[in-house]
Each structure stands twice: as structure tokens, then as C-alpha cells.
Amino acid sequence: MSKLRFIGDVHGRYDLYLPLLSGVDFSIQVGDLGLNYKYLREQEVEWGRHWAIAGNHDNYGAGEEHFFSQDFTLERFGALSVWNKARLFYVGGGWSIDQKYRTPDVDWWPEEELSTKELSEALSAYRKFKPDILVSHEAPYGCVSHVTDPAFARRFGFDGAVQTRTSIALQRMIEHHRPVYSVFGHYHHEGGKIFKLPNRSTTFVHLDMIRPGGTGHYFDIDF
């Protein structure tokens, strides 16, 4: 029996992230890992078994801190079979509700969210692969209201759950093929949340961000 661990947003708290890699065979971090990866590169970790997908608060800049140049990062989207047993499809990236308060090319990048073309390609690949597990940074749109506080969106000038092209594409994916699990981060619902929706067989797993003394920031699957 092998253990696959899904880990929520890290936001640079590598001191809390690295201990979560111990005692598991594989792990996938669901985005917002951080903006500087030098410390992680220096650690003696078998990165071929521990991966991260992109979030909306990762480093899309040039040079050695570019997210996709790291040994432990997956591509923008794709299919992944772990030991030909755990069949996953992952979709990275997301939209920042606070982007107007961030500095372009310093802590925010326009390419944080997949383009319409990329999401269309991801949807096509998902339909062919029919995964058991969908892993993403954002959630399918139908889940957003279950893990967000409308008051938070209103503080940024939005009324209720925000429709993003990523959340809509993820919704289309699960409407075409219902995975056993849909795992995501991004929304920082304290303590995380595991739930189902009416007339859906999928179990939705929202991972909280890593925080001292927190819970709900990882989820394990044995296979």
C-alpha cells in the first residue's frame, strides 16, 4: 500500500511544508508554494516523488526562481499516473482577487491563470484521460460558494463568488466526467472542508493553507 498526500497552499512557509513530506510515498502541493525556491532546492528531498502545481501566487518570472524551472514542479496542466494506480489530472494556475494591490512582475504575473486556449486544451485532455482524481489550485465553480465568504469578495468590489475562466473550465471538466475526488486549495477556508454536492458522486476536498497549529491542510489517499 502506498500513500499519496495532497498539501494546501504554502505561501513560503517551507518550515511547515517540508515535514509533511516525511512518511508518505508521494505528494502533490496544490499551488501557491511561494515566490523563492532556493531553500527548497538546497534540501535533501527526493523531488521525483514530491511535486507542486502552480497557483496564482507563484513565481512566473525569469531566471532560477521561475516556477516551472524547478525539479519539483509540474507543467501548467496534464495527466499523471502514479505507479499506474492513482490516475490524476492536474490544472495549475488561478486568478488573484487582490491583483490590483500587487506589483506586476514582482509578486503578480499576468500569466498566473491559464489562457482560454490552454484551458480548452486541458478540457480536451481531461475528457480523454478520465481521471480518478482532479487536482487543481482553484475549485470547480459550483464549489466556490461552499468554501468562500461573500464578505471577502465584497471587500475587493465583487458581489459573491467570482466566476473565473479557470473555475468555469474545472466545472466543465467534472460535468463531463465525475472523478472520485476533486482536490483544491486557494480559498483558505480555515480547517479545510470535505464535502459532496447534490447529485454528485465526487468527493470535494478543499485544503486550507498551511498555518501554525492549523488543520485541514493535507489529505491522504492510500492506493
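I will try to describe carefully the structure that is included in this document. This one's a predicted model, so the numbers in the text were calculated from it and none came from an experiment. (Residues numbered from 1 in each chain as written. Predicted model: local features only at pLDDT ≥ 70, side-chain atom pairs only at ≥ 80, totals over all residues. Heavy atoms only, no water.)

What follows covers the sheet that holds strand β8 (residues 193-195). Ordered in space as β4-β5-β6-β7-β9-β8, the six strands form an open sheet in which the pairing is mixed. This sheet does not close on itself; its edge strands, each paired only once, are β4 (77-82) and β8. Ignoring strand direction, the axes of neighbouring strands in this sheet form an average angle of 15 degrees. Relative to strand β7 (residues 181-184), strand β6 (residues 133-136) runs parallel, the two being bridged by three bridges. In the sheet register, Leu-134 faces β7, and the bridge partner there is Ser-182. Along the sheet, helix α3 (residues 116-129) makes contact with β4, β5 (86-91) and β6, crossing β5 at roughly 170 degrees. In the packing of helix α6 (residues 165-176) onto the sheet, contacts are made with β5, β6 and β9 (203-206), and the angle to β6 comes to roughly 180 degrees. (Pairing = 2+ DSSP bridges. Helix = DSSP H or I, 4+ residues; strand = E, 2+ residues; numbered from the N terminus. Axes fitted to C-alpha atoms, helices over the stretch in contact; angles between N-to-C directions. Contact = heavy atoms within 4.5 Å.)

We now examine unusual backbone geometry. At His-11, a residue that is not glycine, the phi angle is positive and equals roughly 50 degrees. With respect to the helices and strands, the residue His-11 is situated in the loop between β1 (3-7) and α1 (14-17). The class of His-11 is partly exposed, set by a relative accessible area of 30%. Here Asp-32, not a glycine, exhibits a phi torsion of approximately 60 degrees, which is positive. Secondary-structure assignment places Asp-32 in the loop between β2 (26-29) and α2 (38-41). Look at Asp-32 and you get buried, because its relative accessible area is 1%. (Buried < 20%, exposed > 50% of the residue type's maximum accessible area, 1.4 Å probe, protein only.)

Once that is clear, we can look at α6. With twelve residues, α6 should cover 16 Å at 1.5 Å per step; its first-to-last C-alpha distance of 17 Å lies within 8% of that length. Those residues of α6 that sit buried are Thr-166, Ser-167, Ala-169, Leu-170, Gln-171, Met-173 and Ile-174. Looking at the buried residues of α6, the elements they touch are β5, α3, β6, α4 (141-147) and β9. (Expected span 1.5 Å × (residues − 1).)

Here we come to the nonpolar core. By size, the foremost hydrophobic cluster in this structure holds 22 residues, and its most contacted members are Phe-89, Val-91, Leu-134, Met-173 and Phe-184. For this core, the secondary-structure elements that each account for two or more residues are β5, α3, α4 and α6. In terms of residue count, α3 provides more of this core than any other element does, five residues in total. Beyond its immediate chain neighbours, meaning those up to four positions away, Phe-89 contacts Phe-77, Gly-78, Ala-79, Ala-122, Ala-125, Tyr-126, Phe-129, Pro-131, Ile-133, Leu-134, Val-135 and Met-173. Leu-88, Ile-133, Val-135 and Val-205 belong to the second largest nonpolar core, which has 21 residues in total. (Core = buried A, V, L, I, M, F, W, Y, C linked by side-chain atoms within 4.5 Å.)

Before going further, it helps to examine the packing of aromatic side chains. Inspection of every chain in the model, using the stated rule, returns 18 aromatic pairs. Seen in terms of ring centroids, Tyr-37 and Phe-67 are 5.9 Å apart; in terms of plane orientation they differ by 70 degrees. Their pairing is edge-to-face. With Tyr-37 in the loop between β2 and α2 and Phe-67 in the loop between β3 (50-52) and β4, this residue pair connects regions lying 30 residues apart in the sequence. Within the aromatic cluster, the residues linked to one another by ring pairs are Tyr-37, Trp-47, Tyr-60, Phe-67, Phe-68, Phe-72 and Trp-109. In this arrangement the basic side chain of Arg-87 is found over the ring face of Phe-129, its NZ or CZ atom lying 4.0 Å from the centre. (Phe/Tyr/Trp six-rings, centres within 6.5 Å; stacked < 30°, edge-to-face > 60°. Lys NZ or Arg CZ within 6 Å of the ring centre and 35° of its normal.)

With respect to the helices, strands and loops of the structure, His-186 is situated in the loop between β7 and β8. Here the side chain of His-186 touches His-137 through a polar contact of 3.0 Å, side chain to side chain. Discounting residues that sit within four places of it in the chain, His-186 has contacts with Asp-9, Asn-56, Trp-95, His-137, Glu-138 and His-206. (Polar contact = N/O pair within 3.5 Å; in protein donor to acceptor, adjacent residues only side chain to side chain.)

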